[in-house]
Protein chains: 2
Amino acid sequence: MTQDQERPQELTDISSLGEFGLIEHLTRDIQLRNPETLAGVGDDAAVIDNGPLATIVTKDLLVEGVHFDMVYTPLKHLGYKAIAVNLSDVYAMNAHPKQVFVGMAVSSRYSLEALEELYSGMKLACERYNVDMAGGDTTTSPAGLMLSITAVGQAEKEQIVYRSGARANDLLYVSGNLGGAYCGLLVLQREKQEFKANPQMQPKIKDYSYVLERQLKPEPRKDIIEMLQQAGVQPTSMIDVSDGLASDVLHICKHSGTGVNIYEEKLPLDQRMAQTAHEFNIDPTTCALSGGEDYELLFTISQNDYEKVKDLEAIHPIGHITEAAQGRNLFTSSGQLVKITAQGWDSMKK
Amino acid sequence: MTQDQERPQELTDISSLGEFGLIEHLTRDIQLRNPETLAGVGDDAAVIDNGPLATIVTKDLLVEGVHFDMVYTPLKHLGYKAIAVNLSDVYAMNAHPKQVFVGMAVSSRYSLEALEELYSGMKLACERYNVDMAGGDTTTSPAGLMLSITAVGQAEKEQIVYRSGARANDLLYVSGNLGGAYCGLLVLQREKQEFKANPQMQPKIKDYSYVLERQLKPEPRKDIIEMLQQAGVQPTSMIDVSDGLASDVLHICKHSGTGVNIYEEKLPLDQRMAQTAHEFNIDPTTCALSGGEDYELLFTISQNDYEKVKDLEAIHPIGHITEAAQGRNLFTSSGQLVKITAQGWDSMKK
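Now for a quick tour of the structure. (Residues numbered from 1 in each chain as written. Chains lettered and ligands numbered in written order. Predicted model: local features only at pLDDT ≥ 70, side-chain atom pairs only at ≥ 80, totals over all residues. Heavy atoms only, no water.)

## Here's the deal with the interface of chain A and chain B
Line of reasoning, step 1. If you look at the interface, chain A gives 93 residues, while chain B gives 93 residues.
Line of reasoning, step 2. Taking both partners together, chain A and chain B bury about 7,900 Å²; carbon and sulfur atoms supply 58% of that area.
Line of reasoning, step 3. Our enumeration of links across chain A and chain B arrives at four salt bridges.
Line of reasoning, step 4. Here B:E36 ties to A:K98 by a salt bridge, and the two come within 3.2 Å at their closest N and O atoms.
Line of reasoning, step 5. There are 40 residue pairs in polar contact (both at pLDDT 80 or more) connecting chain A and chain B.
Line of reasoning, step 6. At nine residues, the largest contribution of residues to the side of chain A that touches chain B is made by strand β5 (residues 132-140) of chain A.
Line of reasoning, step 7. Counted by class, the side of chain A that touches chain B contains 45 nonpolar, 30 polar and 18 charged residues. (Contact = heavy atoms within 4.5 Å. Buried area = accessible area lost by both parts, 1.4 Å probe. Salt bridge = Lys/Arg side-chain N within 4 Å of Asp/Glu carboxyl O. Polar contact = N/O pair within 3.5 Å; in protein donor to acceptor, adjacent residues only side chain to side chain. Helix = DSSP H or I, 4+ residues; strand = E, 2+ residues; numbered from the N terminus. Nonpolar A, V, L, I, M, F, W, Y, C, P; charged D, E, K, R; others polar.)

Here's what the structure looks like:
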């Protein structure tokens, strides 16, 4: 009746699988039973058939000490980001979020006023993206704060864009710029160390406002979805850049059964990000490839649609899809060919 | 940039509000923006309009050390129960669950084999209730295990039963029997204490298999939903008994703006539950009123439907709805009138 809380040596350490490996292992034998379940585990969100319209469902957990550090995360920003990253998953299906559901486990260390701050950020994001906070669950936690957000969206079935639709010769685009959120995190972590060493110090964050905003207050790219729709272009595949460009483009390649060529010189790098990266002695391209949390949209379009998007300034062509046999390659500015490997953020491997 | 982790005295302790008070406080100013959001915070589940069909969404958090104790909870049972209690919320809307989404935050103390056990229980529940595990999110946790389950269901709009539909003179019914799950918990807690005192002891649980099963492996009452449908009866209001009969009937009264009379002698008490309660010197009626976690269905029907259900053995009339001014009353077997107050389980107040 009792269970041994110690883990004997012959059992398998979950960190050996990583986050993606673990979920893949645990869900590998799942068979979908209901015809309404059009897509399950494995994309940005699940898709449920409801006649002409489909319902999109996605969920994300945010755990204190894993996904955020209360020392440098204002609660209002945390609330905003918790909603924003889930909406981003819905937009990445080319769908529109309509409702969010908030699960919160919170320790008694948090005051009501602190939770009001947190909720004010969540409500602000809901207001800005015209989404209803339609339910949830609140409970106590033995330690810390944990948020579990479920976002529900809607789309016409034929509008939905999966990770699996990329085909050889499709063009690969990314919105905005990459690497900024990671540089913001580096600045915050440095400030935390300096604050620990000298609690009287004033934070030196004025010069870093751009990268800090990228980290603390990401905006899901609803505007890109709308822009492409107005241009009459439906992406063939899409994902949001949450784990890092390298990791996320590999998701597209894996689900689509393709290769990819990406060109370093085409990666959209903001000057303020590059400056911060240099300060930390990190290659800005590394930040863009592996940093994660930029919540930009990474998508492919048919070459036939090139003319329709070539003047859109918010999106950038960074490469193209190839046959699987060609591999997944980065062509560096110095002319080298590098295999793309997932170095993205994985909470299991921290 | 930094936040004070200590809570100054002038801030409000969240435990002073309790779980329901907290969620009500934090969500009191929410305005629904989308016409598709038919019902938000405040019922067993939210309801989303999708044309002729509606989508039902509910979520629940299960936190180690709050909702379950790994010392006496087999992981397979925990997985089964985590799914079952969410399906119960969907049935309580008179809808059919179709998909579940599993969020899991887990510490490295858990082995892959332990998580396989957990998932085997979740998959078993999905199989038994014909539900797809359609997605989720897995991450690491600094300590312990936390499950966040979202269940999604479907119903024709006019079939959905809310908490708010009870009217004076409606009859109040409950399925199955009450109090067993709480008695099972008492047995498990006693065994834990005895095991701590003497780790060599053999658990004495053979005589308690019924109440232990009520606690460890609740079954959502899909059968009751189907039975009522076959009988041609649609409840006027419904809720599942998760917090305890007293707390849950007050939810119906509050949302419907009514009073209620319940008769102690009509409460369905299983003999095995009563025997265990006596052993712990607790009144079986107290277990039934305040125990919680039975996951039976509590519902009201119009008096006109009485003939259609009077021969159904799985459901029991326990009272009737009154005007709000009559109050919410329990008539005891000894003829006393007692005001019903919520003594149910509230994780915030533990």
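## As for the environment of A:L32
Line of reasoning, step 1. In this structure, A:L32 sits in the loop between α1 (18-27) and β1 (37-39).
Line of reasoning, step 2. Judged by its relative accessible area of 40%, A:L32 falls in the partly exposed class.
Line of reasoning, step 3. Those residues in contact with A:L32 that sit more than four places away from it in its chain are A:T37, A:G40, B:D132 and B:M133. (Buried < 20%, exposed > 50% of the residue type's maximum accessible area, 1.4 Å probe, protein only.)

## Some remarks on the relation of the copies chain A and chain B
Mapping between the two copies of the chain is achieved by a rotation about an axis and a shift along the axis.
Line of reasoning, step 1. Of the transformation superimposing chain A on chain B, the axial component is 0.0 Å and the angular component is 180 degrees, with the fit at an RMSD of 0.0 Å. Taken together, the rotation and translation describe the operation of a two-fold axis. (Least-squares fit on C-alpha atoms with pLDDT ≥ 70 in both.)

## Digging into the packing of helix α4 (residues 180-197) of chain B against helix α5 (residues 209-216) of chain B
All names here are of chain B.
Line of reasoning, step 1. In contact at an axis separation of 7 Å, α4 and α5 are set at 105 degrees when each is read in the N-to-C sense. Here α4 is positioned roughly perpendicular relative to α5, judged by the angle of their axes. On α5, the residues touching G180, A181, Y182, C183, G184, L185, V187 and L188 of α4 are V211, L212, R214, Q215 and L216. (Axes fitted to C-alpha atoms, helices over the stretch in contact; angles between N-to-C directions. Parallel < 35°, antiparallel > 145°, perpendicular 65-115°, else oblique.)

## Concerning the pattern of salt bridges
All names here are of chain A.
Line of reasoning, step 1. The full count for this structure, using the stated rule, is 36 salt bridges over all chains.
Line of reasoning, step 2. Here R214 ties to D294 by a salt bridge, and the two come within 4.0 Å at their closest N and O atoms. Here the residue R214 occupies a position in helix α5 (residues 209-216), and D294 occupies one in the loop between α9 (284-290) and β10 (297-301), the gap between them amounting to 80 residues.
Line of reasoning, step 3. Taking relative accessible area as the criterion, R214 reaches 16% and is therefore assigned buried.
Line of reasoning, step 4. Exposure remark for D294: the relative accessible area of 3% places this residue in the buried category.

## Focus: the environment of A:G65
All names here are of chain A.
Line of reasoning, step 1. Inspection of the secondary structure puts G65 in the loop between β3 (53-63) and α2 (75-91).
Line of reasoning, step 2. Take G65: its relative accessible area is 59%, and that puts it in the exposed class.
Line of reasoning, step 3. Each C-alpha atom, one on G65 and one on L145, is 8.9 Å from the other, the two residues being 80 residues apart in sequence.

## A few points about the packing of aromatic side chains
Each aromatic ring pair is described using two quantities: the centre-to-centre distance and the angle formed by the ring planes.
Line of reasoning, step 1. Tallying each qualifying case throughout the model produces six aromatic pairs over all chains.
Line of reasoning, step 2. Taking 5.8 Å as the distance between ring centres and 10 degrees as the angle between the ring planes, the aromatic pair formed by A:Y173 and A:F299 counts as stacked. Residue A:Y173 is found in strand β7 (residues 171-175), and its partner A:F299 is found in strand β10; the two are separated by 126 residues along the sequence.
Line of reasoning, step 3. Over the ring of B:Y80 we find B:K217; its NZ or CZ atom is 4.4 Å from the centre of that ring. (Phe/Tyr/Trp six-rings, centres within 6.5 Å; stacked < 30°, edge-to-face > 60°. Lys NZ or Arg CZ within 6 Å of the ring centre and 35° of its normal.)

## Re the sheet that holds β3(A)
Residues and elements named next belong to chain A.
Line of reasoning, step 1. In spatial order, the strands read β1-β2-β3-β6-β4-β5; together these six strands make up an open sheet with mixed pairing. Each having just a single partner strand, β1 and β5 make up the two edges of the open sheet. Neighbouring strand axes in the sheet, compared pairwise and without regard to direction, differ in orientation by 20 degrees on average.
Line of reasoning, step 2. Here strand β2 (residues 46-50) runs beside β3; their pairing, made up of five bridges, is antiparallel. Bridge assignment links A46 to a residue of β3, and that residue is V57.
Line of reasoning, step 3. Strands β4 (96-106), β5 and β6 (145-156) of the sheet are contacted by helix α3 (residues 112-128), whose axis makes an angle of about 170 degrees with β4. (Pairing = 2+ DSSP bridges.)

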